[in-house]
Amino acid sequence: MLYSSAASASDRVYDEVKELILTNEISGGELISEGEVAQRCEVSRTPVREAFLRLQAEGWMRLYPKRGALVVPVTDRDARDVVDARQLLEGHAVRAVVAADSATTRLVESLRRNLEEHRLVEHDDIARFSRVDAEFHQHIVAAGDNALLAGFFTGLGERHRRMTTTSVRRDPAIAQSILADHAELLVLIERRDADGFDVALRRHLSDVHDLPGDLR
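The protein chain carries the name Transcriptional regulator, GntR family in an unreviewed UniProt entry, which gives Gordonia polyisoprenivorans as its organism.

See below:
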């Protein structure tokens, strides 16, 4: 069914294609055409072109006239930069949280609910699994009560999801490791052990994303 408005059609194409990239249904390095996406989304090429331009501006695609759109792969450097930023932001947030009993209690309750939901997700539902995984870490940064850092981390969350889906597709056993690591991180926050959280988070990120060497 064609959308009646080019703007709404463009928004839908943008959302659908971006989700396919984040969940690795469209892999990094893959070349896709406007025509293929237009047919898949049941729209004309104009909203597809508009969506592609938005995705290129955000760094998800590289457009080649008359050839199509290349989905930009995640390089080792990209992965390390995302992980390094997450380490800094989450560690900073936890240090702010554990300084106050009430903030610690609220965060622990939020993380427990997230972990319960996460355990109910079928491991082959990688899109939902990666979304709930990202939400766990977003709860932590949001609890640090710094709106600027929380907003920046939300942007990182999309790259986080893409990396997580890559890891789980590569090795389904990673999903169980993520749940175990999250349970450990929760306990460390409950104990108000910010140093222990830093160490556990560093190990968690390195193991899940299979990064060579030590993180900075």
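Describe the pairing of strand β3 (residues 68–71), and please don't skip the residues or the numbers.
Along any regular strand, the residues point their side chains to alternate faces of the sheet. Bridge count between strand β1 (residues 31–32) and β3: two bridges; the pairing is antiparallel. For I32, the partnering residue across the bridge sits in β3 and is A69. Remark: three residues form the turn of the hairpin made by strand β2 (residues 61–64) and β3, two consecutive strands paired antiparallel; K66 in that turn has positive phi of roughly 70°.

Before we move on, can you summarise the domain arrangement of the protein chain with the specific residues and values?
How big an interface is tends to be expressed through the accessible area that disappears when the partners come together. Taken domain by domain, the protein chain consists of domain 1 (9–71) and domain 2 (76–209). Relative placement of domain 1 and domain 2: their C-alpha centres are 29 Å apart. Taken together, the 11 residues of domain 1 in the interface contact nine residues of domain 2. Each partner contributes to the roughly 920 Å² buried at the junction of domain 1 and domain 2, and carbon and sulfur atoms together form 42% of this total.

Would you mind going over the nonpolar core in detail, with residue names and values included?
Within the largest apolar cluster, 40 residues are counted, with the highest numbers of intra-cluster contacts made by V94, L111, F129, I140, I189 and F197. Among the elements of the structure, α4 (76–97), α5 (101–120), α6 (126–143), α7 (147–170), α8 (174–190) and α9 (194–208) are those that each provide at least two residues to this core. Residues contacting F129, with those up to four places away along its chain left out, are H118, V121, H123, V168, A175, I178 and L179. Grouped together as the second largest cluster of nonpolar side chains are 21 residues, A9, C41, A51 and W60 included.

Go over the environment of R113, please, and point to the residues and values.
Looking at the element boundaries, R113 is found in helix α5. Along the sequence, R113 and F136 sit 23 residues apart, while their C-alpha atoms lie 9.4 Å from each other.

Describe the packing of α5 against α8, and please don't skip the residues or the numbers.
Working note: a packed helix pair is described by the angle between its axes plus the distance between those axes. Interaxial distance between α5 and α8 falls to 10 Å at its minimum, and their mutual angle equals 165°. As judged from the angle between their axes, α5 and α8 are roughly antiparallel. In the packing of α5 onto α8, the handedness of the crossing is left-handed. Contacts between α5 and α8 pair T104, L107, V108, L111, R112, L115, H118 and R119 from the former with I178, L179, H182, A183, L186, I189 and E190 from the latter. Its residues placed into classes, the contact of α5 with α8 shows nine nonpolar, three polar and three charged.

Scoring rules and cut-offs
- Residues numbered from 1 in each chain as written.
- Predicted model: local features only at pLDDT ≥ 70, side-chain atom pairs only at ≥ 80, totals over all residues.
- Heavy atoms only, no water.
- Pairing = 2+ DSSP bridges.
- Helix = DSSP H or I, 4+ residues; strand = E, 2+ residues; numbered from the N terminus.
- Domains from an automatic or database assignment.
- Contact = heavy atoms within 4.5 Å.
- Buried area = accessible area lost by both parts, 1.4 Å probe.
- Core = buried A, V, L, I, M, F, W, Y, C linked by side-chain atoms within 4.5 Å.
- Buried < 20%, exposed > 50% of the residue type's maximum accessible area, 1.4 Å probe, protein only.
- Axes fitted to C-alpha atoms, helices over the stretch in contact; angles between N-to-C directions.
- Parallel < 35°, antiparallel > 145°, perpendicular 65-115°, else oblique.
- Left-handed = near helix turned anticlockwise from the far one by under 90°.
- Nonpolar A, V, L, I, M, F, W, Y, C, P; charged D, E, K, R; others polar.

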